[in-house]
Amino acid sequence: MTPAAELSACAIVKNVQSRNVSALAVLDAFLEKVKKEDIKVKAFLSLNEDQARFAAESVDEKISKGEPAGDLAGVPIAVKDNICVQGLNATCASKILENFISPYDATVIAKLRSQGALIIGKTNMDEFAMGSSTENSAFQTTCNPWDQNRVPGGSSGGSAAAVAGGMSPLALGSDTGGSIRQPASFCGVVGLKPTYGRVSRYGLVAFASSLDQIGPFSRTAEDCALLLQAICGQDPMDSTSSPLPVPNFREEMKRPMEGLRIGLPREYFGDGLDSEVRKLIMAAVETFKVQGAQVGEISLPHTDLAVPVYYILAPSEASANLARFDGVRYGHRSPGAKNLLEMVEKSRSEGFGPEVKRRIMLGTYALSSGYYDAYYAQAQKVRTLISEDFTRAFKEVDMILTPTAPTPAFRSGEKNADPVQMYLSDIYTISCNLAGIPGISIPCGFSQNKLPVGLQILAKPFAESTLLQAAYAYQKNTNWHLQVP
Ligand code: GLN
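Within any chain, residue numbers begin from 1 and follow the written order of that chain's sequence. Local features in this predicted model are restricted to residues whose pLDDT is 70 or higher, and side-chain atom pairs enter the listing and the counts only when it is 80 or higher, whereas totals over whole chains, interfaces and linings include all residues. Heavy atoms throughout the structure, all of them, feed into the side-chain values; hydrogens and water do not.

Tell me what's going on with the site of the ligand, and back it up with residues and numbers.
Residues in contact with the ligand amount to 15 residues; listed here are only the nearest, T176, G177, S179, Y310 and D426. We define a polar contact as two N or O atoms separated by no more than 3.5 Å, with the added condition that, inside protein, one atom must be a possible hydrogen donor and the other a possible acceptor, whereas residues neighbouring each other in sequence contribute only through side-chain atom pairs. The backbone of A129 places a nitrogen or oxygen atom 2.8 Å from a nitrogen atom of the ligand. S132 has a polar side-chain atom sitting 2.9 Å from a nitrogen atom of the ligand. For accessible areas, the Shrake-Rupley method is used with a probe of radius 1.4 Å. Any residue's cover is judged against the shown protein chains and nothing else. When isolated, the ligand has an accessible area of 290 Å², and the protein chains bury 100% of it. Ten residues, namely Ala, Val, Leu, Ile, Met, Phe, Trp, Tyr, Cys and Pro, are considered nonpolar, four, namely Asp, Glu, Lys and Arg, are considered charged, and the remaining ones, Gly among them, are considered polar. Residues that form the shell around the ligand fall into these classes: 5 nonpolar, 7 polar and 3 charged. Near, as used in this document, describes a residue that has one of its heavy atoms within 4 Å of the molecule or strand being considered.

Below is the structure:
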């Protein structure tokens, strides 16, 4: 049999259910891999061995008694450190939450537990999910498993690197402007941002509440569907979660590509797109043509406004959401302050890193009286225009194909000095969040220096099945997703 730590999530479930391997043996195999690989990669902020062992034993016990053990029985899952797991740290990679332990489970975590998944640890990220390289973590720098001198992308860089490095078959991340898809692209794995409202945000530490979604990382489209299935659905604890029924993704993804209409937005293939990335994307397009899809050019005319709009709206929402970290209730409290104001001021000054402070200041400014209409209200109007671009496009096509990022993974330190350069690495992923539509990144080849490149697929609201259908069809005809660092 294939060694346990090389099995896909779907294969783990099958083998655990049929008692070919125990959940405990699977867990041990992955923990061993973590101990070996993570010295270099540094994807994890904390491990959860005891809880995970307990969960594995309970899965094995259920199976030995012939009781149902869940759709994710015995599958290890790494979780981004801004998602609450009861009894574990939820640092958001910030000093301000360094010692915060979550008293409750996020809805996605409760769902995963009920399906027999094993939470193996919490992964590194950009502080409060603000960043594109995981270099904004207050604690450590995560390496790209394909090249130690390069970033894994961000902000869910730890989760992407954990899957790419073979340390976990599945991981959860969060995506506000590309934080699942861009690191998936940089690390050569699959990453999916669900439609806004598809997955409950209860227990996800809020960055920009109108944009945030939790989503899966995996190697294969099937594993992605498996994890997505487990976390979707309406939740009374999140009033923005959708009551729409959740389809059977693993069934729907097997529909053929024949006759599907694919749009290539001309605005995503202009200046600034690396020529190697362009070539690989166009080669992927050919694969879909061969499978009977119809391909045509489309236009999303407001694309160039997405980054500026995002950098008004996301910081505005962040400035409100992060007001709760005041030294009173959660995490860090500055010692020795003489009064309340000083305590709040000092706790926040000491607890937040430079990028988070920059965002809070940007957002506070955009929302302040006298500027609100010129910045925040105006950005909301443009957001509607961006959203309408997609509504119009999806009258003509079933899916949109683009590069996930303009380049492969950049070098550590390369974009640190210039925030705008860093912001531009999300130029192709941000519109999707502004419009609330679902998007996926799948590996579609390598640059000359062996760095993975991701293909982004976008679809109508709640058409995650269409994304998975394309990803599944693509992976059946290619083997990029089977390459390991
Ligand atoms: N990189 C973008 C930012 O810095 C997106 C982050 C995210 O999706 N969480 O805001």
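Read on, since the account is not over.
Which residues make up a nonpolar patch on the surface, and what values go with them?
Residues enter patches when they are more than 30% accessible in relative terms and free of salt bridges; like-charged ones are connected within 9 Å and nonpolar ones (Val, Leu, Ile, Met, Phe, Trp, Tyr) within 5 Å. The salt bridge definition used is simple: a Lys or Arg side-chain nitrogen within 4 Å of an Asp or Glu carboxyl oxygen. A contiguous nonpolar surface patch, about 280 Å² in accessible area, is contributed by Y365, Y371 and Y375. Inspection of the secondary structure puts Y375 in helix α13 (residues 373–396). For Y375, a relative accessible area of 33% translates into the label partly exposed. Runs of H or I in DSSP of at least four residues are treated as helices and runs of E of at least two as strands, each being numbered from the N terminus. Categorising residues by exposure relies on relative accessible area from a 1.4 Å probe, with only protein chains included: less than 20% of the type maximum marks a residue as buried, more than 50% marks it as exposed, and the intermediate range marks it as partly exposed.

Tell me about the packing of aromatic side chains, and please be specific about residues and values.
For this analysis, a ring pair means two rings from Phe, Tyr or Trp (six-membered ring only for Trp) whose centres lie within 6.5 Å, classed as stacked if their planes differ by under 30 degrees, edge-to-face if by over 60, and tilted for the remaining angles. All chains considered together, the criterion is met by 17 aromatic pairs. The interplanar angle of 55° and the centroid separation of 5.0 Å between the aromatic rings of W146 and F446 together place this pair among those described as tilted. With W146 in the loop between β3 (118–123) and α5 (157–164) and F446 in strand β10 (residues 439–446), this residue pair connects regions lying 300 residues apart in the sequence. Taking the centre distance of 5.7 Å and the plane angle of 55° together, the rings of F325 and Y330 count as tilted. Using a relative accessible area of 3% as the deciding quantity, one classes F325 as buried. For Y330, a relative accessible area of 27% puts it in the partly exposed group. Any Lys NZ or Arg CZ found within 6 Å of a ring centre and within 35 degrees of that ring's normal is scored as a charge over the ring. It is K415 that lies over the ring of F410; its NZ or CZ is 4.9 Å from the centre. The ring of F446 has K450 sitting right over it, with the charged end atom 4.9 Å from the ring centre.

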